[in-house]
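Working through the structure, step by step
Given next are the chains, with one letter for each unit.
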Amino acid sequence: MNEQIKTDALNSAHHLMVGGVDTLTLAKTYQTPLYVYDTGAIRAEIAAFKQVFEENHVNYQISYASKAFATVAMYQLIAQEHIHCDVVSGGELYTAQQADFPMAAVSFHGNNKSLAELTMALDAGVGTIVVDNFDELSQLTTLTAQRQQLTTIMLRIAPGISAHTHDYISTGQADSKFGFDLNSGQADQAIRAAQAAPYLKLVGIHCHIGSQIFELNGFEMIVDKLVSEFARWQRELDFYPQIMNVGGGFGVKYTAEDHPLQPTDFVDAIVKETLAQTAAHQVPMLEIWIEPGRSLVAAAGTTLYTIGDEKDIPGIRKYLSVDGGMGDNIRPALYQAKYEAVLAKDPTLPAEQVASIAGKYCESGDMLIWNQQLPATKAGDVLAVLDTGAYGYSMASNYNRNPRPAVVFCEQGHSQLVVQRESYADLTRLDLPLSVPEKTK
Ligand SMILES: Cc1ncc(COP(=O)(O)O)c(C=O)c1O
Ligand SMILES: N[C@@H](CCCC[NH3+])C(=O)O
């Protein structure tokens, strides 16, 4: 049986369960394609992060990177767990507001926040604005002075440390669109400018080196570099941050080929390195913030599809097409990301075929999985693609005018629809008819 599946995830009929709910029932009730989340698993991941910090007796904050999966119900779940979240756009901020998420627990990120977005954030009273570049810093200096509104900020810096991950999701290197460059002195300049701004209160330094990282080393290097810079800033700039925000990026297991550490191992290493480095530099211990996105939601999510047409090319390959694809999960096409799938009606059945799972979109690159071992299948069977909880729904599109799937939360045997399936009518809701009159012949 697929090692991603926990033994308690099967019912007595061997059907795959999510959050104690039978996936075949879910597919029937809500139709496919369907995103289903085991919300108890998200709560457990949050609890595990909290526990590591608490065992180490340090001040901390966990800020969920909501770009990984953002809906009203998700922000409400995060609020129930009493952690922070970060948003990267007016749209995410709006969704958090609709969820009544406490604005003081929001950090606002982004490398090109518009004036409208900055104004929205100030109106909302977000807890922290993470300033990304000089233009934003001067815009925010002016705006907060005009409004006479004291605003808490952090500065995002690019530490010049490359994480070993896909180029598209590596962000800590000097040549990055994100953050103030550390090595060329831009970070020092930004600190001076923030100190001089009458309504900005600089409380922390943020950095995020990338996503789906499998090694501790990059995080330890960040801590070493940051704490030694902080010690220098204390001497030279009379600035020592209260908060060190090391971002997210903790890698998760998608397939048997992945061998990540536990997300909590990353945090334990970060905390221990910070304790060691602050002691070595004889500077105060910092409050440590992390911003996990993927590691909180990836494993909790499963996408259910219905198998449709089959194409078997003798001696070449067998394609099984499903009723979704790159519109609900762009990650295989965009990052060559790999997933595993099981037959929902019985993941314990022995494999009888090797099939590649094709989406229904009009692109050859719309392949969800290459060479998946599966039992015998027939049209109408439900296929469950595992670990799709991060950056699936949040990166979904209407390509080929396909409506986006519904999202269902499952916990303790109950299911709840939290995002409705789009209808065809939704697809044309914002369209306007052609206004130019037809040419007279
Ligand atoms: C600033 C920032 N924080 C946190 C994250 C979350 O990363 P992940 O989902 O890999 O944990 C990202 C995305 O890479 C990010 O850009
Ligand atoms: N969207 C990316 C990760 C997010 C990067 C955000 N800075 C993924 O699916 O892996």
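Residues numbered from 1 in each chain as written. Chains lettered and ligands numbered in written order. Predicted model: local features only at pLDDT ≥ 70, side-chain atom pairs only at ≥ 80, totals over all residues. Heavy atoms only, no water.

1. Notes on the overall build of the protein chain
A count of helical and extended segments in the protein chain gives 12 helices and 20 strands. For 441 residues, the compact-globule estimate of 2.2 N^0.38 gives 22 Å, and the C-alpha radius of gyration of the protein chain, at 24 Å, lies within 12% of that figure. Oriented by its inertia axes, the alpha-carbon framework of the protein chain measures out at about 70 × 70 × 40 Å. For the protein chain, the residues scored as buried account for 55% of the 441 residues in total. Counting contacts in the protein chain only where the partners sit at least 6 residues apart, residues at least 24 apart contribute 69% of the total. (Helix = DSSP H or I, 4+ residues; strand = E, 2+ residues; numbered from the N terminus. Rg over C-alpha atoms; globule rule 2.2 N^0.38 Å. Buried < 20%, exposed > 50% of the residue type's maximum accessible area, 1.4 Å probe, protein only. Contact = heavy atoms within 4.5 Å.)

2. Details of the site of ligand 1
Of all residues adjacent to ligand 1, which total 15 residues, the nearest are H208, S211, E291, R294 and Y391. In the environment of ligand 1, an oxygen atom lies 3.0 Å from a nitrogen or oxygen atom belonging to the side chain of K67. Look at ligand 1: alone it shows 390 Å² of surface, and the protein chains cover 93% of it. Grouping the amino acids of the shell around ligand 1 by side-chain chemistry returns 3 nonpolar, 8 polar and 4 charged. (Near = heavy atom within 4 Å. Polar contact = N/O pair within 3.5 Å; in protein donor to acceptor, adjacent residues only side chain to side chain. Areas by Shrake-Rupley, 256 points an atom, 1.4 Å probe, with all protein chains shown as cover. Nonpolar A, V, L, I, M, F, W, Y, C, P; charged D, E, K, R; others polar.)

3. Brief notes about the packing of aromatic side chains
Per the counting criterion, the structure on display carries 18 aromatic pairs. Ring geometry for F69 and F409: centres 6.1 Å apart, planes at 55 degrees, overall tilted. Of the two residues, F69 is situated in the loop between β4 (60-65) and α3 (72-80) and F409 in strand β19 (residues 406-411); the sequence distance between them amounts to 340 residues. The interplanar angle of 35 degrees and the centroid separation of 5.7 Å between the aromatic rings of F230 and W233 together place this pair among those described as tilted. With F230 and W233 both in helix α8 (residues 217-236), this residue pair falls 3 residues apart, about one helical turn. Given the relative accessible area of 0%, F230 is considered buried. The side chain of K113 reaches across the aromatic face of F108, ending 5.8 Å from its centre. (Phe/Tyr/Trp six-rings, centres within 6.5 Å; stacked < 30°, edge-to-face > 60°. Lys NZ or Arg CZ within 6 Å of the ring centre and 35° of its normal.)

4. Thoughts on the site of ligand 2
Taken together, 8 residues surround ligand 2, and among them R294, R331, Y335, Y391 and M395 come closest. Here an oxygen atom of ligand 2 and a side-chain polar atom of R294 are 2.7 Å apart. Measuring from a nitrogen atom of ligand 2, one finds a side-chain N or O atom of Y335 at 2.8 Å. Broken down by class, the residue content of the shell around ligand 2 amounts to 4 nonpolar, 1 polar and 3 charged.

5. Considerations on the environment of A276
For A276, the position within the fold is in helix α9 (residues 263-281). Classification of A276 as partly exposed rests on a relative accessible area of 42%. Spatially, the C-alpha atom of A276 lies 29 Å from that of A105, the residues being 171 residues apart in sequence.

6. A word on the pattern of salt bridges
Inspection of every chain in the model, using the stated rule, returns 14 salt bridges. Across the salt bridge formed by E81 and R43, the nearest N and O atoms sit 2.7 Å from each other. One end of the pair, E81, is in the loop between α3 and β5 (84-87); the other, R43, is in helix α2 (residues 39-55), with 38 residues separating them in the sequence. On the basis of relative accessibility, which here comes to 17%, the residue E81 falls in the buried class. Of the charged contacts in the structure, one is a salt bridge between K345 and D381, with a shortest N-O distance of 3.3 Å. With K345 in the loop between β15 (341-343) and β16 (353-358) and D381 in the loop between β17 (367-374) and β18 (382-386), the pair connects residues that are 36 residues apart, well separated along the chain. (Salt bridge = Lys/Arg side-chain N within 4 Å of Asp/Glu carboxyl O.)

7. Notes on the packing of α8 against α9
Packed helices, taken two at a time, are described by their axes: the angle between them and the distance between them. For the pair α8 and α9, the least separation of the axes is 9 Å and the interaxial angle reads 30 degrees. What the angle tells us is that α8 and α9 run roughly parallel. As for the relative orientation of α8 and α9, their crossing is right-handed in sense. Residues F219, E220, V223, D224, V227, S228 and A231 of α8 form the contact with α9, whose participating residues are F266, A269, I270, E273, T274, Q277, T278 and H281. (Axes fitted to C-alpha atoms, helices over the stretch in contact; angles between N-to-C directions. Parallel < 35°, antiparallel > 145°, perpendicular 65-115°, else oblique. Left-handed = near helix turned anticlockwise from the far one by under 90°.)

8. Comments concerning the UniProt feature "binding site: pyridoxal 5'-phosphate" (unreviewed entry) in the protein chain
Within this structure's numbering, the places UniProt gives as "binding site: pyridoxal 5'-phosphate" (unreviewed entry) are G249, E291, P292, G293, R294 and Y391. Turning to its location among the elements, P292 is positioned in the loop between β12 (287-290) and α10 (294-297). Discounting chain neighbours no more than four positions away, the residues touching P292 are F49, I62, S63, Y64, A65, G248 and F250. (UniProt positions renumbered as here; feature names shortened; annotations may be inferred.)

9. Remarks on the pairing of strand β13 (residues 301-313)
As paired elements, strand β3 (residues 34-38) and β13 share 4 bridges and run antiparallel to each other. From the neighbouring strand, V36 faces β13, where its bridge partner is T302. Pairing between β13 and β18: 5 bridges, direction antiparallel. Bridging across to β18, T303 finds its partner in V385. As paired strands, β13 and strand β14 (residues 317-322) are joined by 5 bridges and run antiparallel to one another. Among the inter-strand pairings, K311 is bridged to a residue of β14, identified as Y319. The hairpin formed by β13 and β14 contains 3 residues between the paired strands, and G315 there has a positive phi angle of roughly 75 degrees. (Pairing = 2+ DSSP bridges.)

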